[in-house]
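These are the residues of each chain, in order.
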Amino acid sequence: MTAAPALAVDLDAIADTRPLWDAWLRSARTVLDVDPDTLPVDRADAASALDRAGGGNWRVLLERFSEDHARAYLRRDAATSGALRTLAARGAALGVFSDAPEPLTRIALVQLGALRRLSAVEAGAGALERLLATLGPNAVVVRTRDDLLSRP
């Protein structure tokens, strides 16, 4: 039996992390040097805007918030967990990419129990491109939960 192809999986195909990000923005409104309502929707672009605005320790604040609140926003899904487990057992190299900053991405993967099945994780600007460089040119990009669940 040949190994399954490498997969580059969008984090949001495993679980929707946007509500956790949005909750953090609401909670950090009073300490950020920028109005969260003016930030770009793309989280990598939003991170750049926070860096340019002198957001100071916003990454530390995001990490702490994510650690404290991930349980409330992210739930393991049996079908998704099973798909990742099956693909890993078949020898597929699995990687995850996200436009979300690294602290949120890492904590979400730990909360979802997915980190141990991954050979690579990339977060922020250019995450998909960096992940594909790691996984190789034949890696399949998976952007949705349905696409992940339909993998043989």
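Check the entry above for the structure.
This one's a predicted model, so the numbers in the text were calculated from it and none came from an experiment. (Residues numbered from 1 in each chain as written. Predicted model: local features only at pLDDT ≥ 70, side-chain atom pairs only at ≥ 80, totals over all residues. Heavy atoms only, no water.)

Ordered in space as E3-E2-E1-E4, the four strands form an open sheet in which the pairing is parallel. Strands with a single pairing partner mark the edges of an open sheet, and in this sheet they are strand E3 (120-123) and strand E4 (140-142). Along the sheet, successive strands turn relative to each other by an average axial angle of 20°, direction set aside. In terms of strand pairing, strand E2 (residues 94-98) meets E3 through four bridges, oriented parallel. Each bridged residue has a counterpart across the sheet, and for Gly 95 the counterpart in E3 is Ala 120. (Pairing = 2+ DSSP bridges. Helix = DSSP H or I, 4+ residues; strand = E, 2+ residues; numbered from the N terminus. Axes fitted to C-alpha atoms, helices over the stretch in contact; angles between N-to-C directions.)

Turning next to the nonpolar core. Ranked by size, the top nonpolar core spans 41 residues in total, and within it Val 9, Ile 14, Trp 24, Leu 32 and Leu 148 carry the most contacts. Counting residues per element, the ones that place at least two in this core are strand E1 (7-10), helix H1 (11-14), helix H2 (18-28), helix H3 (43-52), helix H4 (58-73), helix H5 (78-89), E2 and helix H6 (102-111). Here this core gets six residues from one element, more than from any other, and that element is H2. The next biggest cluster of nonpolar side chains, apart from the first, holds nine residues, and it includes Ala 6, Phe 97, Leu 131 and Ala 139. (Core = buried A, V, L, I, M, F, W, Y, C linked by side-chain atoms within 4.5 Å. Buried < 20%, exposed > 50% of the residue type's maximum accessible area, 1.4 Å probe, protein only.)

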